[in-house]
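# Coordinates in review
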Amino acid sequence: MAEAHSAVAFSFSITHEGWHLNYDREVLNLVWESGLRSWKKRLARFRTGVRNGVYPAHLQSLWLVIAVAMALHFTQRHVPFNLVGKFSALLPGDTVGYQVTACGLAGLFFWLCICYTMRYSLKLLLMYKGWMYEKRAPGSKVSLPTRLWALCVKVLATWNKPGLYSFQGSLPRLPLPGVQETMSRYLRSVRPLLDDANYSRMERLAKEFQAGIAPKLQRYLTLKSWWSTNYVSDWWEEYVYLRGRGALMVNSNFYGIDAIFTQPTTIQSARAASVINMLLQFRRIVERQELEPILVQGLVPLCSWQYERIFNTVRVPGVETDKIVHYQDSNHIVVLYRGCYYKVVIYHNGRILRPCELQIQIEEILNSSDKPQAGEELLASLTAGDRTKWAKIRESVFAKGVNKTSLHLIESAAFVLSLDTLPFEFDMAHPEKLDQFGRYLLHGNGHDRWFDKSFTVCVGSNGRIGFNSEHTWADAPVMAHVWENIVAEEQVQKRYDENGNTLGIPEFEPPKPKRLAFDLDNPVALDAIQEAHLGAQQLLNDVDLRIFVHDAYGKGLMKKCRLSPDAFLQMALQLAYYRDAGKFSLTYEASMTRLFREGRTETVRPCTIESSAWVKAMNDSSVGAEERVKLLNEACERHQLGYQDAMCGNGIDRHLFCLYVVSKYLEVDSPFLKEVLSEPWRLSTSQTPHGQTAKMDLKKHPNCISAGGGFGPVADDGYGVSYIVAGEDLIFFHISSKKTCGSTSSERFAQQIARALDDMKQLFEQHRALQAQKKGVTNGTAK
């Protein structure tokens, strides 16, 4: 092939005149720099590992403790437990040097005791979750135990500035709920979904399970909760994600959108170069553990474990199960443009390339006249389709030669960047443009995203950006944190000149992008790629995506109503779904369990007895505003309690999931667990978090917030809804469903959400008017 070439660091030949050594100095220099950077990272990881290992104690405090031990010893005072004397007895002499050594050993012992005492004290404090259930409404008082707890946590956790992973050793393990508690919560959650006969049947199944095999399954799960760091996370990753054989595209991967109310530049190469540079800077602060861990209410740390796999990570397909592969280092990214793949080197002389230098590389790709090789243009379709088929073709076609080399370069890249040939547009007067923007990010054309990579950055031809992320390695809040940092960084820093190009002058001519070579011109490869392409087209053409921008009101009105914004919106979704489908449905809302070590998610079930009572009241004209508001307050309080329980490890679904996994291992059948785990989530929801970085100041830069992101529908006859409360008067809803389902319509559901939100606003206006009227009547009577 014309594009294929080989490069070697050195070669030698032997002739009758002797031997001759030939080497490529540039390649050897790259090898040397790569090795040097790798050793520096190992040293930095060791240093930060020691620092994190003794946190919340300070590493420098060791010298103070040793100094105190020496002072006590040489002033003829006994060190506690006479440790200096005991260590001296083990040393070969009694000179001053040996005495100093004994003092050092004694100081080290006491210092380690102090370190572990502080760590386990903090761990015990973080096990307390009473603060989660404290009222936060204006005028509410925090209890004395919580105030004392907060003071102790503040003293222990904030005197020494933490690194990204400093709290990992102090985070408690996820608690295992009791079977009886989970059964009670489960039956309560399904009551509004079942008629009396079916509810009685489910009660009977639950009692049979609880009295039968449940205690045995729970014993094994208790053992696992004692032995493992987190009794859920490894099984969740394995069985929910890695063993899934279906397509990642639409079904698993999710997307995130740019800050659509601002556009720093319209030049594609400049925006791409700037984003690459910012992502690499973020990777560096993660690797150095300089990123501040997220503290809930500025006090309680969240687990940072998932941040380890943001970059240099890929999901590798397997015949029966996939695996996550994380590379410790990567000095390149891969750029995809018009069906061609390019390796772009991102370091020079040990530093990250500057945006102006990266822009030169991106422009060279954009100006290239390269054409895709046979099968190359549709190659990424393999990552969008059936996992077993992709694994088999990977073993047969990509096991050796240039295919193996090029695939390794893609999979080991820091991330993949796609230069799209279409613009990403937003116009409030033309909502279909934002819908198309979301579709481009969710699935593209089925072969312009490498769906196996931890994430693919997508850059539109007009300079707008977004991302498509694989879900196994982490949950959406982690990727949202990365993206929020990018969006905020472009607002607080000037990164473009008046023409829209990146600032700065290149210090050198950056290395040219290298075209990756593939040998796919054979029936086996081409047929597999074509089959995956057709499957991807069928899947993406079935997606019905609507991004609804609600600007009538936002967080401001919800605060005035003294309701949690999340609970408020979940009730709106319940009302909208009931009006759309004419019935209630099992509803999924994701909450995090990152208050615990290696925590991921738990399910909140927003369809409750209280929410269904309020929804019915909203559709009953005989119920007055006062009663409706009362029912809504009760529904929101119940939802908040469910959310708090889920965050504190007292959820329903992860416990039942793990019991089911144990039953499968033991090869015992449970009709109850089988039915519970097969129930479809026809309404799957998630709130996109923001405010995870201190850089984002919405008061100074109100337009810099991202429009959030979304995902595909979980059930064939259901909706996937992601929302972000983007300000005091703005909410984005990302609504997905399937076109082939006759009972769903994303546009219709968006209209129902708008109607529900409007009805809720009118409800509180009516209620306030009634309260004012009553107050006026009372005052008039008093006079």
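Every chain is numbered on its own, with residues counted from 1 as its sequence reads. The model is predicted, so local features are restricted to residues of pLDDT at least 70 and side-chain atom pairs to those at 80 or more, both for listing and for counting; the totals for chains, interfaces and linings are taken over all residues. Working from all heavy atoms in the structure, the side-chain values ignore hydrogens and water.

### Concerning the sheet that holds strand β3 (residues 254–257)
- By this definition, two strands are paired if DSSP reports at least two bridges between them. Secondary structure counts use DSSP, requiring at least four H or I residues in a row for a helix and at least two E residues in a row for a strand, with both numbered from the N terminus. The mixed open sheet is built from eight strands, whose spatial order is β15-β9-β8-β12-β13-β14-β3-β20. Edge strands, defined here as strands with exactly one partner in the open sheet, are β15 (514–515) and β20 (709–711).
- Pairing of β3 with β20, which is carried by three bridges, proceeds in the antiparallel orientation. When the sheet's bridge partners are listed, G256 is paired in β20 with G709.

### A word on the packing of aromatic side chains
- Only Phe, Tyr and Trp rings are paired, with Trp represented by its six-membered ring, and only when their centres lie within 6.5 Å; those with planes under 30 degrees apart are stacked, over 60 edge-to-face, the remainder tilted. Across all of its chains, the model carries 30 aromatic pairs by this definition.
- Look at Y186 and F672: their rings are 5.5 Å apart centre to centre, the planes differ by 90°, and that puts the pair in the edge-to-face class. With a gap of 486 residues between them, Y186 in helix α6 (residues 179–190) and F672 in helix α23 (residues 671–678) connect regions that are remote in the sequence. Judged on exposure class, the residue Y186 and its partner F672 are both buried.
- Between Y341 and W450, the ring centres sit 5.9 Å apart and the planes meet at 90°, which makes this aromatic pair edge-to-face. Here Y341 is found in strand β9 (residues 340–345), whereas its partner W450 is found in the loop between α15 (431–442) and β13 (455–459), with 109 residues between them in sequence.
- Note on exposure labels: buried denotes an accessible area under 20% of the residue type's maximum, exposed denotes more than 50%, and partly exposed covers the range between, all computed with a 1.4 Å probe on protein chains only. Y341 gets classed as buried once you look at its relative accessible area, which sits at 2%.
- You can call W450 buried: its relative accessible area is 2%.

### Looking at the confidence of the model for the chain
- Every residue carries a pLDDT, the predictor's confidence in it, which falls somewhere between 0 and 100. Model confidence for the chain is summarised by a mean pLDDT of 90, while 93% of its residues fall at 70 or above.
- Contact between two residues is taken to exist if any of their heavy atoms lie within 4.5 Å; hydrogens are not considered. Counting contacts from residues 1–12, a segment whose pLDDT is below 50, to residues more than four positions away or on other chains yields 21 contacts.

### Some remarks on the environment of V549
- Positionally, V549 belongs in strand β16 (residues 543–550).
- Relative accessible area serves as the criterion here: at 16%, V549 is assigned to the buried category.
- Considered as a pair, V549 and R354 are 195 residues apart in the sequence and their alpha carbons are 36 Å apart.
- The residues contacting V549, other than those within four sequence positions of it, are F426, M428, L434, L730, I731 and F732.

### What to know about the UniProt feature "active site" (unreviewed entry) in the chain
- UniProt positions are given in the numbering used here, feature names are shortened, and annotations may be inferred rather than shown by experiment. Taking the UniProt record as the reference, the feature "active site" (unreviewed entry) is found at H471.
- Here H471 shows up in the loop between β14 (465–469) and α16 (476–492).
- Ignoring anything within four residues of it in the chain, the contact list for H471 reads Y241, S252, N253, F254, A476 and R600.
- Under the rule applied, a polar contact is a pair of N or O atoms within 3.5 Å (in protein, one hydrogen donor and one hydrogen acceptor; residues adjacent in sequence only if both atoms are side-chain atoms). At 3.4 Å, the side chain of H471 forms a polar contact with the side chain of Y241.

### Overview of the pairing of strand β8 (residues 332–337)
- The buried count for β8 comes to six of six residues, which makes it a mostly enclosed element.
- Residues H332, V334 and L336 point to one face of β8 and I333, V335 and Y337 to the other, with burial holding for every one of them.
- Linking β8 back to β9 in an antiparallel pair, the connection comprises two residues, with R338 at a positive phi of about 50°.

### Some words on unusual backbone geometry
- One non-glycine residue, F81, lies in positive phi territory at about 65°.
- For F81, the position within the fold is in the loop between α2 (61–74) and α3 (83–90).
- Overall, F81 belongs to the exposed group, its relative accessible area being 64%.
- For Q297, which is not glycine, the phi dihedral falls at a positive 55°.

### Observations concerning the sheet that holds strand β18 (residues 601–604)
- One open sheet holds the six strands; their spatial order is β16-β22-β21-β19-β17-β18, and the pairing between them is mixed. This sheet does not close on itself; its edge strands, each paired only once, are β16 and β18. Strand-to-strand twist across the sheet, computed as the mean angle between neighbouring axes with direction ignored, equals 25°.
- By the bridge criterion, seven bridges tie strand β21 (residues 719–727) to strand β22 (residues 730–738) in an arrangement that is antiparallel. The residue bridging V725 from the neighbouring strand is I731, located in β22.
- Of the strands in this sheet, β17 (587–592), β19 (683–687), β21 and β22 are in contact with helix α19 (residues 565–581), which crosses β21 at around 145°. The angle between two axes is taken between their N-to-C directions and runs from 0 to 180 degrees, where each axis is a line fitted to C-alpha atoms and a helix contributes only its stretch in contact.

### Focus on the pairing of strand β6 (residues 313–316)
- Residues of β6 alternate between two faces, with T313 and R315 on one and V314 and V316 on the opposite face, all of them buried.
- Sheet topology places β6 next to strand β7 (residues 323–326); four bridges connect them, and they run antiparallel. Paired with V314 across the strands is V325, a residue of β7.
- Between β6 and the antiparallel strand that follows it, β7, lie six residues.

### What about a nonpolar patch on the surface?
- Note that patches include only residues with greater than 30% relative accessible area and no salt bridge, and the join distances are 9 Å for like charges and 5 Å for nonpolar side chains (Val, Leu, Ile, Met, Phe, Trp, Tyr). Each accessible area is a Shrake-Rupley estimate made with a 1.4 Å probe; only the visible protein chains count as cover when residues are assessed. The term salt bridge refers to a pairing of a side-chain nitrogen on Lys or Arg with a carboxyl oxygen on Asp or Glu at a separation within 4 Å. A contiguous nonpolar patch, built from L105, L108, L112, Y116 and Y120 and spanning about 430 Å² of accessible area, is present on the exposed surface.
- Tracing the sequence through the fold places L105 in helix α4 (residues 96–126).
- Classification of L105 by relative accessible area gives partly exposed; the value is 34%.

### Side note on helix α20 (residues 609–618)
- The buried fraction of α20 is high, at seven of 10 residues.
- Along α20, the residues that are buried comprise E610, S611, S612, W614, V615, A617 and M618.

### Examining the pattern of salt bridges
- Scanning all chains against the criterion turns up 39 salt bridges.
- The salt bridge involving D258 is made with R271; its shortest N-O contact spans 2.9 Å. Highlighted residues: D258 in the loop between β3 and α10 (268–287) and R271 in helix α10, separated in sequence by 13 residues.
- According to the relative accessible area criterion, D258 is buried, its value standing at 2%.
- Taking the shortest distance from any N to any O, the salt bridge between D452 and R387 comes out at 2.8 Å. Here R387 lies in helix α13 (residues 387–397) and D452 lies in the loop between α15 and β13, a separation of 65 residues in the sequence.
- Linked through salt bridges whose partners overlap, the residues forming this network are R245, R315, D322, R387, D452 and E470.

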